Every structure is written in structure tokens, then in C-alpha cells.
Amino acid sequence: MAPRLQLEKAAWRWAETVRPEEVSQEHIETAYRIWLEPCIRGVCRRNCKGNPNCLVGIGEHIWLGEIDENSFHNIDDPNCERRKKNSFVGLTNLGATCYVNTFLQVWFLNLELRQALYLCPSTCSDYMMGDGIQEEKDYEPQTICEHLQYLFALLQNSNRRYIDPSGFVKALGLDTGQQQDAQEFSKLFMSLLEDTLSKQKNPDVRNIVQQQFCGEYAYVTVCNQCGRESKLLSKFYELELNIQGHKQLTDCISEFLKEEKLEGDNRYFCENCQSKQNATRKIRLLSLPCTLNLQLMRFVFDRQTGHKKKLNTYIGFSEILDMEPYVEHKAEPSKSQTRKPKCGKGTHCSRNAYMLVYRLQTQEKTTTTVQVPAFLQELVDRDNSKFEEWCIEMAEMRKQSVDKGKAKHEEVKELYQRLPAGAEPYEFVSLEWLQKWLDESTPTKPIDNHACLCSHDKLHPDKISIMKRISEYAADIFYSRYGGGPRLTVKALCKECVVERCRVLRLKSQLNEDYKTVNNLLKATVKGSDGFWVGKSSLRSWRQLALEQLDEQDGDVDQSNGKMNGNTLNKDESKEERKEEEEELNFNEDILCPHGELCISENERRLVSKEAWSKLQQYFPKAPEFPSYRECCSQCKILEREGEENEALHKMIANEQKTSLPNLFQDKNRPCLSNWPEETDVLYIVSQFFVEEWRKFVRKPTRCSPVSSVGNSALLCPHGGLMFTFASMTKEDSKLIALIWPSEWQMIQKLFVVDHVIKITRTEVGDANPSETQYISEPKLCPECREGLLCQQQRDLREYTQATIYVHKVVDNKKVMKDSAPELNVSSSETEEDKEEAKPDGEKDPDFNQSNGGTKRQKITHQNYIAYQKQVIRRSMRHRKVRGEKALLVSANQTLKELKIQIMHAFSVAPFDQNLSIDGKILSDDCATLGTLGVIPESVILLKADEPIADYAAMDDVMQVCMPEEGFKGTGLLGH
């Protein structure tokens, strides 16, 4: 037995021999475990929760003894954020912006580029006031050049260890959470910068990008027949080097410059020979830029994922790169290595490097220092002043935290020794509050003992395990310093709760004996009128019910009637628990009728003797009592008779209506507008919903209420006009209406209340032979409401969320679908809709008055009609999924690209291999939303998957035709 259970048993052992009326103060203090000995530090290793006198292991160990003052705060030394002498300033990674920070540092270290940017005119002059900067206004760069100016000035002279580039990143419109291609970023930004600087008047600024980063090479083709050489000159800002199959940078450069043979079908047309000839083609480096960017192509396209895949190939490179042999085109091919190359002094090896930057070594004097312009230096000085103020503020906060910690240390050392109550006056305080008082990481809140109170506003005996008994001296100090309450002194020990627990424990101890007694009493036959009615279900489970009831009263429950130190109960959870408890039937409530009287069904109850009922009442004193002479509920008897009469009446009505309208019930010999029957010139219209509800009633008259009204107002607009055109009733709206023969209409008028007559009349117009046929509706169409209805329908179809669509994978351009009608796939005697349960009372359709009489027309607005239409067409639009299809949940505002990702997970087909279409229309715009593409709920999208290309060598061709990645689409890098 666990120690806590042993303490529980020891605290209440006396209750087995003491009657409730004999409970004394000594018994009460025993129940509250005041007799337990306090634990000793060093002997007791952890807190004894069952012992209110144990004050060990509640968090005091961190305060006793000497304490390092640094433990009193969680504030780092602000000097750690200060730039060290002769060190560079870093850039904050905003999530996935390391590629941006890398190039910013590279460009910052290019002194010529930095000097040129400093020379750019700036709008900062508008920000300046007379002899300084506006103090109340922060500087916000307006252009990319101004952002670079300010960033470079901070990187050069800031006192901070690192700075925040979020202004620059935001100006470019970059997503900080998305990793991008660093090489693509470099190309696009250099292009943007060059385009921006091209508008500058100063040539040193205007041409800086070309001067620093632009080189020139030529595509050289040499005819093997005549030796004629043709050149195509081209500028470059970086060299893209393939690294597959190479281990040294020089090998990558050699492959870039190697000759390509033009033979066979790929022969070259020589203008000198005036015919196609074998030839060689190569790249010849003509001039190199001051800053040479070598991009290592580490990313190849992965067809399985539809994204780029990184190559982790080791590449060896030297700190100094001799490019003279390559400019003269003297390649130095080296053997490929299979292992990581050995790196000597001045050389490096990397499996992650994706760009190498080399600076041209020259004998000429180059820029060694760059002076920050005065207006930028003033901005930097202001930022440095803010930083220094922040450092002072942080240091002061650290000092305050240390002072508070030292004061708390002295308080704990003083009070902890005085916590034990001993024989002096005592009070109870929650263990949780004491632990938070000793927790240095959280501020101490007022004491809140409400959660430990019983229904008598005293200390609940079940809460003693989470309470601690402390001295009145310590309690006085706690309440004076922190406040709170209520204070739980010796007077807070609840005698009422202890007496009730004593009664419950005595009942539990005699439950087994009483169970045998009741069973024996139930065997005897009850004679006369001395018995009591008890539910059979209650009799079968009374022992378990009694045990659960006693356990609820006796157990160590954790229910709370308040809050403790700010932790409140979840109102929704407590309401839900109360609702569940109310739904559970208590003893003998199984024979209660809805009116609170004895139920009329004798099969659910039996008579028990007076002695048996007396025993049961000891455990269930609040159970409903029904002596054998008690009459059953008179209201239930009346309702039972009325119910039987209603069922018979409903069967009679259903049989009469079925006999009167046999074809309408069986859906046979129905007229059709698109193929108008010759035998009549008039057809009547009712809603299909009315027909479905009526058929449900006729099939199951005892489970459904009879339909008394046709409810044609649902087919009309608020002005009384028809909402359908003749053409729509032959097509999409045909599912909402039912056509009625004139003979059937006469019978409907007798059987149902007709609120509105709707009919279509066929007439012959003109003298021509044959004459023109016209179809006239009564009432006439309301054009305005019809247009509004169509607009609302289209809007609803394009504003859906979490709707179901179906994707069908096409194999060999064939789509296998079930051509049979949905109604043929269900039972001939009962449709799928008829299998639905009848609506319970209180859920009657607003357009069909189910009560007798009352022919008053209900108002129906345009919104009412839309709601009715959705209700009616929901089933008719439902698509039946067939083999090869998968259902997906989508929203109208998600893009086609997001849908392709869903399809990839469902069918294992990469997005670039998906060819999607709907109703013959190809879906190709990945940025378009499903709503704009015409994808509506229950749509079927056809998926045709491209076959994978087996030849991996054709990867370059594949990359040209596959779906491109988003990349920097939508950012400021493409704005120019």
C-alpha cells in the first residue's frame, strides 16, 4: 500500500467504530492529520504530500546557504552585445535569410563598392534639421541604395556586436521564413543594383558594378576544314561551374573552358566554306573582373520531390587562384578524386560552399580605407547612443533583480526556520503557494485558499494532502506582505464534513452485508399494498451505484470551487462535466416518466418489500419513492391513447394519398418539359422537396408527420414571381421541381393546402405552318430576383471553405466511370434519402405547416429561398465517388499549386508531372485560385500523369520544361 493511502487509512480508522453523532474534536484533528510528526531536512529527501507537517523539499534548497548573485536574474550582461575591438559586426538571421547576410558581408568588404555607394545622393537631407537629425523621428531609408548605405555604415562603425537587416529585407519584399537560392539572389540583386546606379551622374558610381564584377569571354567556333574562327563576345558577372565528378576547383574551371566537338547532325555551318563542317567550340576568357564570383552549381533537380537537391561533393580550392593559364586558355586538367582531397597550407576543402569570391591582386595602389559620410556617421552615432542607453538600462535591471534576490534570500532564511507550527497556534496554507513563494523565477502572488474550501466554507478534509500547517507567526508575516485569504485557522477544520465522511465510511463497511440482505428480501413475494416500485435496471446495478456514490463522497477528489493563485477552472469543461452528470440516471429514476411521475410500463419495474426499500433508502435517501398503491402518470396514459390513435390516423391518411397519387408516389409516367407530352397543354409545378417529404411520410407514416401544405412559396421570389426560366427548368433547375399532370393536380388540391398555383401552358402562335410554340408560366418570371439568385449561386460556389472535390487519375487517356444513374444503385423500395430518420418534434420545415389548418402564407425572403435551395440541392449535387478517385478537402481561395501538392501526397505524382483538367478545360495557372478556375464543390478533376524520364543524363532538358519554382516571384528583385 502506498504511503499516502496508509496515511489516509490511519487518519480515518476510528470512523469504523464511531457513530456520526459521537465525533469529537480529537477525531476531527486526527482526520486532518495534525498528529503526524514533522519531517527533518537531510532525513526526508522529498516532500511528503500526505503529511501537512512536512516542510521539506518544497523548493527551500536553493535559498539555504550561499548563493551566487547571478542566479537572481535572467538578464545577460549587455556588454556581451558590444562589438569587440578590431572585430567585424555581424548580421541577425531573421529566420532563413542567411543567404542575404552572406552577400551583404561580401559586398561590404568590397571597399570600392562601399565607397561608390557612400557617394550616392541620399534623401537623408530631408530628414536632417538644420544642424542635426530630428530626434523624435526614426530614419527610414527610401531606396535600395540608401538601405545599403545605412547598413554599410553600421557594419563599419557600429558599437553593436550585430545589427538587424530587417529594413533591407523588407524593402526587397523577401519572405524571411523561406530559404532561397543564394546564387539566384546574387544575380538578381546585382542586376537591380546596376540598373539603379545607371541613373547616377557620377561615372565612378554609375559604372561601379561593371568595374568590379563584370568580365568578358567569347564563344569561339573553329572550322576543322578551313580553320576559320568566329567569335561571339559576351559579358559575365559570375562563372557557373559544374561540380559533378570533380574534386578540385581547377578541374571545374577546366571543364567550363573545354572544347566541344560539333559533328554529325550538330555540324557547324561555315560561312567561308558555305557548307556544314565539323568544328570545335569553346569559351575563351578575355578579361577578368576585379572581383571574380565563381558559383559552384550544388543544386540539381530532383524529379521525385519536384524541387532542387543539394550535392554535398567536396571541392578543394586555394586561397590564391592563378587564372593566367585559363585566360590564355592553357587548361590544367587533373585526375578526379574519390575521397576528400588533402588540404595543405593555403588551401581549403568544403562540401557546403556554393560561391567563391576572389579579389584581383595588382601592383597598383588600391583603396584601403573608406570614410563614412557625415550624414551617415551622425545616424550611426545616434544608433550607438541608443545602444549605450539600452546597455545602461539592462545593467540597472540586473542590479534591481540582484537587490530583490538578496532581500528574498534574507526573507526565506528568516521565515523558513519559523514555518513549523509545533504546539503553538497554527494555520493552513496551500503547498502550491509555498512552492511559488520559494520559486525565484515567478513573482509571489497573494495567497488564495478558495480552492481548498468545502461547501461549508471551511477546509475540506480531502484537500489536506495539498495543504501545509505552518506557525501563526509565519502566517501573519505572509498575509501582511502578500495579502490574500481566507485564513484557515484551527476553526476552519470542518466538523460537518468529518461527520459525513464518518457516515459514508460506515455505510461502505456494511455494503456487502446489506447487498446479501437485499438479495434475500427480493426473493420473497410481496403481498398486499406494503411494497414499493423499483426500476429493474436500478435493482440490477444498485450495489455499483451505491459504491460509486460513496466513493465520490469519500474519495480524494480534486474538485475545486474556486481558484488558487490565479489558476481558474475551465468554464466550458466544468459545464460539460455537469451536463454529463445530469444525463446519468440516479437510483430509481429509470421508472420516472417525462412528467416526473411513475411510468406506465410495468415491464420496467417490480415491487419490493418495505424492508428491502428501507435498506436501499439508507444508500439513496433522495431516490424517488413510489408505494405500490401509487397510480401511473395520467398524462402519459392520455398521450399513449392519443399516440395510438394518431398512428392509426396517419396510416389511413398515407394509404388514401398513396391510392390517390400512385404514379407520383412510384415516380412513374412523369411528364418532361424538354419532351412535352402531346396529351396536355398544361403542366403544374410543385417543389421536389414537397414530393420527397410526402413520399417519406407515405412510406413510414408512424415515424413521420403528414405533409399538409404544398409550400410552393419556396419557388417564388418575395414579389410573387417565378424564380426559374423555362430553359433552366429543363436543365439545372429540373432537380428542384416536380411536374404534375392536371388530373394529379386536382387530387393534390383536395388532399393538401395549396398556397400558390404554378403552371406552364403551351400555346401555338402565328399563322405559319407549322406554327411557333410558346411556353408561358403563371406566375411570370421575376427577372431581377432571377439575376440576383444566379449571382448569389456563383458567389457561393466561389467562396467555399473545406469543401470536397474529387480527383480521378486517368490511365491511357481513359476514364472509367459508372454510367448508371445514382437512383439505380439503391433499393427499389426505398431510396437513400428515405433511409434518413424523420425530423424530431420541433424541427419542422418552415414552408410546410405540419399542423391541421393554418393556411396563412409565411414570408419568404431572397435569403430564405437561397437557404431552401441549398438544402434541396445538397443531395442532388452529391457526387458518387468511383474507383480511381480520391476525395480532397479544398477551399476556394487556395491556389492551384497548393492543390497539386495535395494531389502529390494522394497519388504520389510530382506537381510538374500533373496535367489537370476540369470539364475539358486545362488547369495550368499555378497562382490562380480554385474559385477563379471554376472548381466548385463536388467537382471532378481529371489527373493525367506524365511518365518519368529514365535517362538521368537528360536532366538539363527536364529542368527546362518542368514547372518552375516560385523563387523570387513577387519580390522587389524582379521589379526592375
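Here goes a summary of the coordinates provided. (Residues numbered from 1 in each chain as written. Predicted model: local features only at pLDDT ≥ 70, side-chain atom pairs only at ≥ 80, totals over all residues. Heavy atoms only, no water.)

## Looking at the overall build of the chain
Each helix and strand in the chain was counted, giving 28 helices and 32 strands. Counting over 976 residues, the chain shows a buried share of 41%. Counting only carbon and sulfur atoms, one obtains 48% of the accessible surface of the chain, whose full area is about 55600 Å². (Helix = DSSP H or I, 4+ residues; strand = E, 2+ residues; numbered from the N terminus. Buried < 20%, exposed > 50% of the residue type's maximum accessible area, 1.4 Å probe, protein only. Areas by Shrake-Rupley, 256 points an atom, 1.4 Å probe, with all protein chains shown as cover.)

## Focus: the environment of Arg 206
One can find Arg 206 in helix H9 (residues 203-206). In this structure, the C-alpha to C-alpha distance between Arg 206 and Thr 196, residues 10 residues apart in sequence, is 8.6 Å. Engagement of the side chain of Arg 206 in a polar contact is seen with the backbone oxygen of Gln 200, the distance being 3.0 Å. Polar side-chain contacts of Arg 206 include one of 2.9 Å to the backbone oxygen of Lys 201. (Polar contact = N/O pair within 3.5 Å; in protein donor to acceptor, adjacent residues only side chain to side chain.)

## Here we look at the packing of aromatic side chains
Aromatic ring pairs are reported here in terms of the distance separating the ring centres and the angle at which the planes meet. Across all of its chains, the model carries 26 aromatic pairs by this definition. Consider the rings of Tyr 99 and Phe 185, whose centres lie 5.3 Å apart with planes at 85°: the pair is edge-to-face. Residue Tyr 99 is found in helix H3 (residues 98-108), and its partner Phe 185 is found in helix H8 (residues 182-197); the two are separated by 86 residues along the sequence. The residues Tyr 99 and Phe 185 share a single accessibility class, namely buried. Both rings, one in Phe 103 and one in Phe 185, keep their centres 6.1 Å apart while their planes meet at 50°; by these two values the pair is tilted. Pair noted here: Phe 103 is in helix H3 and Phe 185 is in helix H8, with a separation of 82 residues, a long-range link. (Phe/Tyr/Trp six-rings, centres within 6.5 Å; stacked < 30°, edge-to-face > 60°.)

## Quick notes on the side chain of Thr 761
Take Thr 761: it is sitting in strand S26 (residues 759-765). Residues within four places of Thr 761 in sequence aside, it is in contact with Asp 681, Val 682, Gln 774, Tyr 775 and Ile 776. (Contact = heavy atoms within 4.5 Å.)

## Side note on the environment of Leu 262
For Leu 262, the location among the structural elements is in strand S8 (residues 260-262). Note on Leu 262: relative accessible area 3%, which makes it buried. Leu 262 sits 39 residues away from Cys 223 along the chain, and the two C-alpha atoms are 9.4 Å apart. Other than its neighbours up to four places away in sequence, Leu 262 contacts Thr 221, Arg 267, Tyr 268, Gln 277, Asn 278, Ala 279 and Arg 281.

## Some thoughts on the pairing of strand S11 (residues 279-287)
Here 8 bridges tie strand S5 (residues 215-223) to S11, and the two strands are oriented antiparallel to one another. Along S11, the bridge assignment pairs Tyr 217 with Leu 285. As paired strands, S8 and S11 are joined by 3 bridges and run antiparallel to one another. Residue Lys 261 lies in a different strand from S11, and its bridge partner there is Thr 280. (Pairing = 2+ DSSP bridges.)

## Observations concerning unusual backbone geometry
Omega for the bond connecting Gly 485 with Pro 486 falls within 30 degrees of zero, at -5°, which places this linkage in the cis form. Tracing the backbone through its elements, the reader meets Pro 486 in the loop between strand S21 (484-485) and helix H16 (495-523). Residue Pro 779 is reached from Glu 778 by a cis peptide bond, and omega for that bond is 0°. Following the sequence through the fold, Pro 779 ends up in the loop between strand S27 (772-778) and helix H25 (783-797).

## Notes on the packing of helix H13 (residues 374-416) against helix H15 (residues 472-482)
At a closest axis distance of 11 Å, the pairing of H13 and H15 adopts a crossing angle of 155°. Considered as vectors, H13 and H15 are oriented roughly antiparallel to each other. Contacts from Lys 408, Glu 411, Glu 414 and Leu 415 of H13 reach H15 at Tyr 473, Ala 474, Ile 477, Phe 478, Arg 481 and Tyr 482. Here the contact of H13 with H15 is composed, by residue class, of 6 nonpolar, no polar and 4 charged. (Axes fitted to C-alpha atoms, helices over the stretch in contact; angles between N-to-C directions. Parallel < 35°, antiparallel > 145°, perpendicular 65-115°, else oblique. Nonpolar A, V, L, I, M, F, W, Y, C, P; charged D, E, K, R; others polar.)

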